[in-house]
Amino acid sequence: MKRVYLDHAATTFIREEVIHSMIEVMQTEYGNPSSTYQKGRSAKVWVEKSRKTIANCLNVAAQEIVFTSSATEANNWVIHQALDSLQVTRIITTKIEHHAVLHPIERAHKNGVEVVYLSLDALGQIALESLENLLIEPKTTLVSLMHVNNEIGTVLDLEKVSALCQKYDAYLHTDAVQSIGKAVIDLQKTPLHFLVASAHKFHGPKGVGFLYVKKNTPFASLFLGGAQEKGWRAGTEAVHQIVGMCKALELSYQNLKFEKEVIETIKRETVNQLKSHFPGVQFVGGENQFYTILNVILPWSEEESSLLLFNLDMKGVEVSRGSACQSGSQKPSHVLAEILSAEDLKKPNIRISFCHQSTVEDVEFLIDALLELSNPKN
Ligand code: PLP
């Protein structure tokens, strides 16, 4: 049975070249990077070369990149350190951050930190004036705002937020999981303190990510033990994972222009087809959110929405749940709950997310499946 995968914001396939580089390292570079003999030194060279390449992609120094097991780990680390090393008394964020940020912030709040959630417009955008009004008040503050929202594709104006944080001396953390490898981020032009990425979102392996920590930012160890990652994160480095992540990021940036154009074309086609087959269809935050993500509200009744994802899966289509009651869960998405009206929140909703290998045929397959579900007698 044909299957179509349109959930690239959840995870991506690993590029062939990435798999090859990982296999090569697994076959030949099994030395422990901490060992001082040749096999260890050689593995260490792979780790450090990868760090340098990733740093170059962001225009930062290699020493500012720390390898982690995931973006979840890196986000948790930053929020915990905000309390410990940075001694922040206030965190400014939004309610549409990923749970890997929101939950640690909730814990920080329980531990006495003031948390301010910025309000959002229908696109999921913050008002910069509101941020500035808060920052004027002199408090040791961490601003934690994601670069691209993983459910609706809202893009933060990172440059303006960075400028405000510099002006008022606030720490800035961004979860850039959905944008790294898909948008150019130059951290010399857009200075911030912490940036988080995850390899499996840019055609690299799962179980590895990285954290950028700006030089001279007070920060303490996540794990205590060996001296890996300058003692910040003890534990033998996952050499093959790190090399795979580095290769994936390099390729993403090499192919960025071309692949972006391909994805933009597919997204436009999807929007056009949805509009022509389902008059009244809505796109959460509009059609012009980040180019890899399209969040769709179908003009169907609440009843028709039940088991939508399950039924699409049965028809071979893999997309994601956007709102309530569609895959057995009664809980609406915390992102949609924040920006949709109660009425729209009940409507059937899917998140479609693309990669450069998504095709017009994939889109047609999805549309056919939706047409069959909207009119089961056909
Ligand atoms: N942040 C965002 C915006 C994400 O989309 C995800 C993954 O869904 C994460 C964090 C968590 O990433 P990881 O799977 O590396 O823990």
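The following paragraphs examine the structure supplied in this document. (Residues numbered from 1 in each chain as written. Predicted model: local features only at pLDDT ≥ 70, side-chain atom pairs only at ≥ 80, totals over all residues. Heavy atoms only, no water.)

Focus: unusual backbone geometry
Piece 1. A positive phi is found at Asp-169, a non-glycine position, where the angle reads about 60 degrees.
Piece 2. Within the fold, Asp-169 resides in the loop between α6 (158-167) and β6 (171-175). (Helix = DSSP H or I, 4+ residues; strand = E, 2+ residues; numbered from the N terminus.)

Here's the deal with the sheet that holds strand β3 (residues 90-93)
Piece 1. What the 7 strands build is an open sheet, ordered β2-β8-β7-β6-β5-β3-β4; its pairing is mixed. Two strands bound the open sheet, and with one partner strand each, they are β2 (65-68) and β4 (114-117). Averaged over all neighbouring strand pairs, the angle between strand axes comes to 20 degrees, with direction disregarded.
Piece 2. Looking at chain direction, β3 and strand β5 (residues 141-144) are connected through 3 bridges and run parallel. Looking at β5, one finds that Arg-90 is bridged to Thr-141.
Piece 3. This element, α6, spans β5 and β6 of the sheet and lies at about 160 degrees to β6. (Pairing = 2+ DSSP bridges. Axes fitted to C-alpha atoms, helices over the stretch in contact; angles between N-to-C directions. Contact = heavy atoms within 4.5 Å.)

Side note on a nonpolar patch on the surface
Piece 1. A cluster of nonpolar side chains, namely Leu-307, Phe-310 and Met-314, defines an oily patch on the protein surface of about 300 Å² accessible area.
Piece 2. Checked against the element boundaries, Phe-310 lands in helix α10 (residues 308-314). (Patch = residues over 30% accessible without salt bridge, like charges linked within 9 Å, V, L, I, M, F, W, Y side chains within 5 Å. Areas by Shrake-Rupley, 256 points an atom, 1.4 Å probe, with all protein chains shown as cover. Salt bridge = Lys/Arg side-chain N within 4 Å of Asp/Glu carboxyl O.)

Describing the nonpolar core
Piece 1. By size, the foremost hydrophobic cluster in this structure holds 48 residues, and its most contacted members are Val-143, Ile-180, Leu-195 and Phe-210.
Piece 2. Put simply, the parts of the chain that give this core at least two residues each are α1 (16-28), α2 (38-58), β2, α5 (128-136), α6, β7 (194-198), β8 (209-213) and α7 (239-254).
Piece 3. Counting residues per element, this core draws most heavily on α7, at 9 residues.
Piece 4. Apart from the residues within four sequence positions on either side, Leu-195 is in contact with Leu-58, Thr-174, Ala-176, Ile-180, Ile-185, Leu-187, Phe-210, Leu-211 and Tyr-212. (Core = buried A, V, L, I, M, F, W, Y, C linked by side-chain atoms within 4.5 Å. Buried < 20%, exposed > 50% of the residue type's maximum accessible area, 1.4 Å probe, protein only.)

Description of the side chain of His-173
Piece 1. Note that His-173 resides in strand β6.
Piece 2. A distance of 2.9 Å separates a polar atom in the side chain of His-173 from a polar atom in the side chain of Asn-75.
Piece 3. Engagement of the side chain of His-173 in a polar contact is seen with the side chain of Ser-144, the distance being 2.8 Å.
Piece 4. If sequence neighbours within four positions are ignored, His-173 has contacts with Asn-75, Val-78, Ile-79, Val-101, Leu-142, Val-143, Ser-144, Leu-145, Phe-194 and Val-196. (Polar contact = N/O pair within 3.5 Å; in protein donor to acceptor, adjacent residues only side chain to side chain.)

Focus on the packing of aromatic side chains
Given two aromatic rings, one states the distance between the centres and the angle between the planes to describe the pair.
Piece 1. Overall, the coordinates contain 6 aromatic pairs when judged by the stated rule.
Piece 2. Look at Trp-77 and Trp-232: their rings are 6.4 Å apart centre to centre, the planes differ by 85 degrees, and that puts the pair in the edge-to-face class. Linking Trp-77 in helix α3 (residues 71-84) with Trp-232 in the loop between β8 and α7, this pair joins segments that are 155 residues apart in sequence. Like Trp-232, Trp-77 is buried.
Piece 3. Pairing Phe-290 with Tyr-291 gives two aromatic rings, centres 4.8 Å apart and planes at 50 degrees, and the pair type is tilted. (Phe/Tyr/Trp six-rings, centres within 6.5 Å; stacked < 30°, edge-to-face > 60°.)

Comments concerning the site of the ligand
Piece 1. The local shell around the ligand consists of Ser-70, Ala-71, Thr-72, His-98, Met-146, Asn-150, Asp-175, Val-177, Gln-178, Ser-198, His-200 and Lys-201.
Piece 2. Within the contact set of the ligand, an oxygen atom lies 2.5 Å away from a side-chain nitrogen or oxygen of Thr-72.
Piece 3. For the ligand, whose accessible area on its own is 400 Å², the fraction buried by protein is 86%.
Piece 4. Its residues placed into classes, the shell around the ligand shows 3 nonpolar, 7 polar and 2 charged. (Near = heavy atom within 4 Å. Nonpolar A, V, L, I, M, F, W, Y, C, P; charged D, E, K, R; others polar.)

Comments concerning the sheet that holds strand β13 (residues 349-353)
Piece 1. Strand order in the open sheet formed by 4 strands is β9-β10-β13-β12, and the pairing between neighbours is antiparallel. The sheet is open, and its two edges are formed by β9 (282-283) and β12 (320-321), each paired on a single side.
Piece 2. In this structure, strand β10 (residues 293-297) lies alongside β13, joined through 5 bridges in antiparallel fashion. Pairing of Ile-293 across the sheet is with Ser-353, part of β13.

Focus: the environment of Val-115
Piece 1. Tracing the chain through its elements places Val-115 in strand β4.
Piece 2. Residues Val-115 and Phe-283 lie 168 residues apart in sequence; the distance between their C-alpha atoms is 30 Å.
Piece 3. When near neighbours in sequence (up to four residues on either side) are disregarded, Val-115 contacts Ile-91, Thr-93, Ile-105 and His-109.

Points about the pattern of salt bridges
Piece 1. Throughout the structure, instances matching the rule amount to 19 salt bridges.
Piece 2. With a shortest N-O distance of 4.0 Å, Glu-137 and Arg-90 are connected by a salt bridge. On the criterion of sequence distance, the pair formed by Glu-137 in the loop between α5 and β5 and Arg-90 in strand β3 is long-range, its members being 47 residues apart.
Piece 3. A network of salt bridges, in which partner residues are shared, links Lys-44, Glu-48, Arg-51 and Glu-229.

Description of the environment of Ala-199
Piece 1. Summarising the element assignment, Ala-199 is placed in the loop between β7 and β8.
Piece 2. As a C-alpha pair, Ala-199 and Ile-242 span 43 residues in sequence and 8.8 Å in three-dimensional space.
Piece 3. Beyond its immediate chain neighbours, meaning those up to four positions away, Ala-199 contacts Gly-204, Pro-205, Val-208, Gly-209 and Met-245.

Some words on the state of the cysteines
Piece 1. Scanning the model with the defined rule gives 0 disulfides in all.
Piece 2. In this structure Cys-355 is a free cysteine whose sulfur lies 19 Å from that of Cys-57, the closest cysteine sulfur available. (Disulfide = S-S within 2.5 Å.)

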